[in-house]
Amino acid sequence: MHICCCGCGHQAVTPLRPNRWSITFDGEAVSLAPSVGSAGLACRSHYFIRRNEVVWCRDLSLDEVTRGQVRDGWQQAETSKDAPPPRRPWSRLRSLFR
């Protein structure tokens, strides 16, 4: 975790794992990849950290946030054989209409 770069004081969760974020140090500067999207925070910040600099990105739409969360869930399930794959957001809704 780190304190959100916008200055709101909230913590941005960035788990360092192969299927999540990675941090690199080139001997001079630190970079964090992929971008940090704080959609769950009031500030809704979205940025990269590249060579000790914050690179601000445009705000993500609710649809983009949802697609990213689904994608991240599938990636996490692929690397964890014990966990069942996440359900797609519409699968519960679809089951109601059967």
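Basis of the calculations
Residues numbered from 1 in each chain as written. Predicted model: local features only at pLDDT ≥ 70, side-chain atom pairs only at ≥ 80, totals over all residues. Heavy atoms only, no water. Pairing = 2+ DSSP bridges. Helix = DSSP H or I, 4+ residues; strand = E, 2+ residues; numbered from the N terminus. Core = buried A, V, L, I, M, F, W, Y, C linked by side-chain atoms within 4.5 Å. Buried < 20%, exposed > 50% of the residue type's maximum accessible area, 1.4 Å probe, protein only. Contact = heavy atoms within 4.5 Å. Phe/Tyr/Trp six-rings, centres within 6.5 Å; stacked < 30°, edge-to-face > 60°. Lys NZ or Arg CZ within 6 Å of the ring centre and 35° of its normal.

## Some remarks on the pairing of strand β6 (residues 53-56)
Reasoning step 1: Where strand β5 (residues 46-50) lies against β6, four bridges are found, and the strand directions are antiparallel. The residue of β6 that forms the bridge with I49 is V54.
Reasoning step 2: The loop that links β5 with its antiparallel partner β6 comprises two residues; one of these, R51, has a positive phi angle of about 50 degrees.

## As for the nonpolar core
Reasoning step 1: Grouped together as the largest cluster of nonpolar side chains are eight residues: C4, A12, W21, L32, V36, L41, Y47 and I49.
Reasoning step 2: Those elements giving two or more residues to this core turn out to be β4 (30-37) and β5.
Reasoning step 3: If sequence neighbours within four positions are ignored, L41 has contacts with C4, H10 and Q11.

## Observations concerning unusual backbone geometry
Reasoning step 1: Residue P34 is bonded to the preceding A33 through a cis peptide linkage, with omega at -5 degrees.
Reasoning step 2: In this structure, R44 is a non-glycine residue whose phi angle is positive, near 50 degrees.
Reasoning step 3: Assessed through its relative accessible area of 33%, R44 is described here as partly exposed.
Reasoning step 4: With a phi close to 65 degrees, N52 is a non-glycine residue in the positive phi region.

## Here we look at the packing of aromatic side chains
Reasoning step 1: Scanning the entire structure with this criterion turns up one aromatic pair.
Reasoning step 2: On the numbers, 5.2 Å between centres and 65 degrees between planes, the contact of Y47 with W56 is edge-to-face.
Reasoning step 3: Take Y47: its relative accessible area is 0%, and that puts it in the buried class.
Reasoning step 4: Positioned over the ring face of F48 is R50, at 4.1 Å from the centre of the ring.

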